Amino acid sequence: MKRFTCGELVEVITAYLDHALDEPSHVAVETHLACCDDCGHFFDQFRVTIRVVGAPPPEKLSDRTRDRLMSAFRNRRQS
Ligand SMILES: [Zn+2]
């Protein structure tokens, strides 16, 4: 079964939200989110932010918004 590290998960999260992943990857993301507290919190935050900025499809998120979310996540992982 496919597995993502936390870093890999961040890279594919927008594709996941856009249902652009293949089935094994999609399942692997869900599995990771279900058992990783850090990524679960990150994902909640990500979805809330998308809703706040007007619920565009993830690929329409501005690079700046996406970068901010990604770096917020990375910074927390390091601290
Ligand atoms: Zn994780």
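See the structure above.
Residues numbered from 1 in each chain as written. Predicted model: local features only at pLDDT ≥ 70, side-chain atom pairs only at ≥ 80, totals over all residues.

Peer 1: What should I look at first to understand helix 3 (residues 37-52) in this one?
Peer 2: Note that an α-helix has 3.6 residues per turn; residues three or four places apart therefore point the same way. Taking 1.5 Å per residue, 16 residues should reach 22 Å; helix 3 reaches 22 Å between its end C-alpha atoms and fits that length. Buried within helix 3 are the following residues: Cys-39, Phe-42, Phe-43, Phe-46 and Ile-50. For helix 3, the arc enclosing every buried residue in end-on projection is 100 degrees, short of the 170-degree limit, so these residues lie on one face. Away from its buried face by more than 90 degrees, helix 3 exposes Asp-37, Asp-44, Val-48, Arg-51 and Val-52. (Helix = DSSP H or I, 4+ residues; strand = E, 2+ residues; numbered from the N terminus. Expected span 1.5 Å × (residues − 1). Buried ≥ 20, exposed ≤ 12 C-beta atoms within 10 Å, placed from the backbone. Arc of directions from axis to C-beta.)

Peer 1: What am I meant to see in helix 2 (residues 23-35) here?
Peer 2: Spanning 13 residues, helix 2 covers 19 Å between terminal C-alpha atoms, matching the ideal 18 Å at 1.5 Å per step. Among all positions in helix 2, only Ala-28, Val-29 and His-32 are buried. What you see down the axis of helix 2 is that its buried residues fit within an arc of 100 degrees, all on one side. With respect to the buried face of helix 2, the exposed residues turned more than 90 degrees away are Glu-23, Glu-30 and Ala-34.

Peer 1: For this particular structure, what's the right way to read the nonpolar core?
Peer 2: It is characteristic of soluble globular proteins that their nonpolar side chains tend to be buried jointly. Leu-9, Ile-13, Val-29, Phe-42, Phe-43 and Phe-46 are the most contacted members of the largest nonpolar core, which has 13 residues in total. Contributions of two or more residues to this core are made by helix 1 (6-17), helix 2 and helix 3. Top contributing element to this core by residue count: helix 3, with 5 residues. With near-sequence residues (within four places) excluded, Ile-13 lies in contact with Phe-43 and Phe-46. (Core = buried A, V, L, I, M, F, W, Y, C linked by C-beta atoms within 7 Å. Contact = placed C-beta atoms within 7 Å.)

From the geometry alone we can't say anything about function, so treat these as descriptive.
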